[in-house]
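Given next are the chains, with one letter for each unit.
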Amino acid sequence: MKQPLVSIILPVYNAQSHLARCLSSICAQTYQNLEIIVLNDGSKDQSLPVCEEFRKKDSRIILVDKANSGVSDTRNLGLKLATGEYIQFVDSDDYIDPDYTGHLVAAAEEHHADLVIAPYKMVIPAGASKPEQVLEKLEDELGVMTVARPPEVREYGFLPAGVYDKDHFALRLMDKPASYFYSVLWNKLYRRILLTGNDICFTSEVRWAEDLVFNMQYIQYAEVFVAIGTPGYYYVQNPQSICHTQINPATIVQNKLQMFRYYKDLYTRLGMYEEVRPQLYKFLVDIAESTYPSGPFKKVIDEAKAYWRAHKQ
C-alpha cells in the first residue's frame, strides 16, 4: 500500500548553529515519502549553504531562498508549495526522532484523523537560565575547570491517547488553554485539504501566538482528533529567541487580549462559549496577574479586566 505524501515545512532564519542537526533528523525519518520544503527567510549567516548541502544529498528537499518577510509569511509560502496529503511543521532550532513522522501518519491513517497531536520533549540547554549564566561567567573568571553538563529534558503532554470529536477536543483544550501542547504547530499533523479548502493561513496580526491562531482556525473545520502517547519532537529552548528577548510583560498581556478574542470567536462558533467562559477568564487575567501583579503593568492588566467585564455578558 502506497504511503501518503507528507509535506514537512521548515522555515529557516539565521539558524546555522543547529540547522544541520534539524535537517539530519528530518532526512533520517523511517517514513520515506516526504516532501521537505526548506524556506530560507533571508538569513544573514551561513544557513543557506547548509541548506544547499543537504539539498545536494536528498532529492526530496525543495529549497526556496527568499527575502526576509517573517515566519508567518514564510510558512504561508510553504503551504502554497506543499502537495502532500498531510502537513507537518518543524522549527530549525529543534529535531525529531526517526520514527516521529511515521507515528503521526499511522495514527492519521488508522483513524481517518484530521489532526494528530503528540507529547513533546522540551530540551533546556545547560547554562540557559540567568543563574547558570552568572555561575559560568564567575567560574570562567576564576579559572575553574567545569565538566560540560547535559541538557535537561522534560516531557509534556496533556491529552490521553485516544480518538476525540471536535467538542471533546475543544473542551480538553480549555484545561490548558495557554500550553504549548495545544498551541504550537510542531507536535501535530494536519490534513492539507482542510487547510487549502478553507483558506487557513498564518496571520502577522499577533507577534508571538500565530501558531495558536492557526490552530484555532483549523479546529473549526476538523472533525476527528487523535492523540498519540509517543513523543518524538524535541523543542530546544533558545534564550535568544523572540519569546525570550523581545516580548515584554505589557506585550504579553496585550497578546492575551487578542487571543481572548480569537478564543471567544471559536467557542461561540462551536456553541460552547458559556461553558468555557470561566476558563477563558482565567487564561486572560489570572495568569497575567500572578506574573505581574503590580508596578508599571498594572494599567494594562486593569484594561484586560475591563475588557472581560465588557464582554462577559
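Because the structure is a prediction, the values reported are computed rather than measured. (Residues numbered from 1 in each chain as written. Predicted model: local features only at pLDDT ≥ 70, side-chain atom pairs only at ≥ 80, totals over all residues. Heavy atoms only, no water.)

### Some words on the nonpolar core
Thinking step 1. Among the nonpolar cores identified, the biggest contains 86 residues, and Phe 169 and Tyr 267 are the most heavily contacted of them.
Thinking step 2. The element that contributes the greatest number of residues to this core is helix H9 (residues 210-219), accounting for six residues. (Core = buried A, V, L, I, M, F, W, Y, C linked by side-chain atoms within 4.5 Å. Buried < 20%, exposed > 50% of the residue type's maximum accessible area, 1.4 Å probe, protein only. Helix = DSSP H or I, 4+ residues; strand = E, 2+ residues; numbered from the N terminus.)

### What to know about unusual backbone geometry
Thinking step 1. Positive phi, close to 55°, is recorded for His 112, a residue that is not glycine.
Thinking step 2. Within the secondary structure, His 112 is located in the loop between helix H4 (100-111) and strand S6 (115-117).
Thinking step 3. Classification of His 112 by relative accessible area gives exposed; the value is 61%.

### Brief notes about H9
Side chains three or four residues apart in an α-helix point the same way, a direct result of the helix having 3.6 residues per turn.
Thinking step 1. When you tally the buried positions in H9, you get nine out of 10 residues, the bulk of the element.
Thinking step 2. Every buried residue of H9 is listed here: Glu 210, Asp 211, Leu 212, Val 213, Phe 214, Asn 215, Met 216, Tyr 218 and Ile 219.

### A look at the packing of aromatic side chains
Thinking step 1. Enumeration according to the criterion identifies 20 aromatic pairs in this entry.
Thinking step 2. Plain terms: the ring middles of Phe 89 and Phe 202 are 5.6 Å apart, the flat faces sit at 90° to each other, and that makes the pair edge-to-face. Pair noted here: Phe 89 is in strand S4 (residues 86-89) and Phe 202 is in the loop between helix H8 (192-197) and H9, with a separation of 113 residues, a long-range link.
Thinking step 3. Summarising the aromatic geometry, the rings of Tyr 190 and Tyr 218 are spaced 5.1 Å apart at their centres and angled 85° between planes, so their arrangement reads as edge-to-face. Of this pair, Tyr 190 sits in strand S10 (residues 188-191) while Tyr 218 sits in helix H9; the two residues are 28 residues apart in sequence, bridging distant segments of the chain. Each member of the pair, Tyr 190 as well as Tyr 218, is classed as buried.
Thinking step 4. What links up through ring pairs into an aromatic cluster is the set Tyr 100, Tyr 120, Tyr 156, Tyr 180, Trp 186, Tyr 233 and Tyr 235. (Phe/Tyr/Trp six-rings, centres within 6.5 Å; stacked < 30°, edge-to-face > 60°.)

### A closer look at the sheet that holds strand S1 (residues 6-12)
Thinking step 1. Read from one edge of the open sheet, eight strands run S3-S2-S1-S4-S10-S6-S11-S9, paired in mixed fashion. Looking at strand neighbours, the two that pair on one side only are strand S3 (61-66) and strand S9 (162-165), the edges of this open sheet. Taken pair by pair, the neighbouring strands of this sheet meet at an average axis angle of 20°, ignoring direction.
Thinking step 2. Relative to S4, S1 runs parallel, the two sharing four bridges. Within the sheet, the bridge partner assigned to Val 6 lies in S4 and is Tyr 86. (Pairing = 2+ DSSP bridges. Axes fitted to C-alpha atoms, helices over the stretch in contact; angles between N-to-C directions.)

### Quick word on the environment of Leu 79
Thinking step 1. Positionally, Leu 79 belongs in helix H3 (residues 71-81).
Thinking step 2. According to the relative accessible area criterion, Leu 79 is buried, its value standing at 12%.
Thinking step 3. For Leu 79, the contacting residues outside a window of four places in its chain are Ile 9, Ile 87, Phe 89, Leu 195, Ile 200, Phe 202 and Phe 214. (Contact = heavy atoms within 4.5 Å.)

### A word on the environment of Glu 274
Thinking step 1. You can see Glu 274 is positioned in helix H12 (residues 273-291).
Thinking step 2. The spatial distance from the C-alpha of Glu 274 to the C-alpha of Lys 264 is 9.6 Å, given a sequence separation of 10 residues.

### As for the packing of helix H1 (residues 19-27) against helix H2 (residues 47-57)
Thinking step 1. Close contact between H1 and H2 brings their axes to 10 Å; oriented N to C, the two are set at 25°. For the element pair H1 / H2, the angle class is roughly parallel. Helix-helix and strand crossings are classified by hand; for H1 and H2 the assignment is right-handed. Contacts from Leu 19, Ala 20, Leu 23, Ser 24 and Cys 27 in H1 reach Ser 47, Val 50, Cys 51 and Phe 54 in H2.
Thinking step 2. For the contact of H1 with H2, the per-class residue count stands at seven nonpolar, two polar and no charged. (Parallel < 35°, antiparallel > 145°, perpendicular 65-115°, else oblique. Left-handed = near helix turned anticlockwise from the far one by under 90°. Nonpolar A, V, L, I, M, F, W, Y, C, P; charged D, E, K, R; others polar.)

### Examining H2
Thinking step 1. Turning to H2, its buried residues number three or more, namely Ser 47, Leu 48, Val 50, Cys 51 and Phe 54. Buried residues of H2, viewed axially, fall in a sector of 160°; they line one side. Across H2 from its buried face, at more than 90 degrees, point the exposed residues Lys 56 and Lys 57.
Thinking step 2. Taken together, the buried residues of H2 touch S1, H1, strand S2 (34-41) and S3. (Arc of directions from axis to C-beta.)

### Notes on the side chain of Asp 94
Thinking step 1. With respect to the helices and strands, the residue Asp 94 is situated in the loop between S4 and strand S5 (95-96).
Thinking step 2. Of the buried charged residues, Asp 94 lacks a salt bridge, with Arg 21 as the closest side chain of opposite charge at 6.0 Å.
Thinking step 3. Here Tyr 233 takes part through its side chain, which lies 2.7 Å from a polar atom of the side chain of Asp 94.
Thinking step 4. For Asp 94, the residues in contact, after removing those within four places along its chain, are Cys 22, Trp 186, Tyr 233, Tyr 234, Tyr 235 and Val 236. (Lys, Arg positive; Asp, Glu negative; His and termini not counted. Salt bridge = Lys/Arg side-chain N within 4 Å of Asp/Glu carboxyl O. Polar contact = N/O pair within 3.5 Å; in protein donor to acceptor, adjacent residues only side chain to side chain.)

Functional significance is not addressed by these values, which are geometric in nature.
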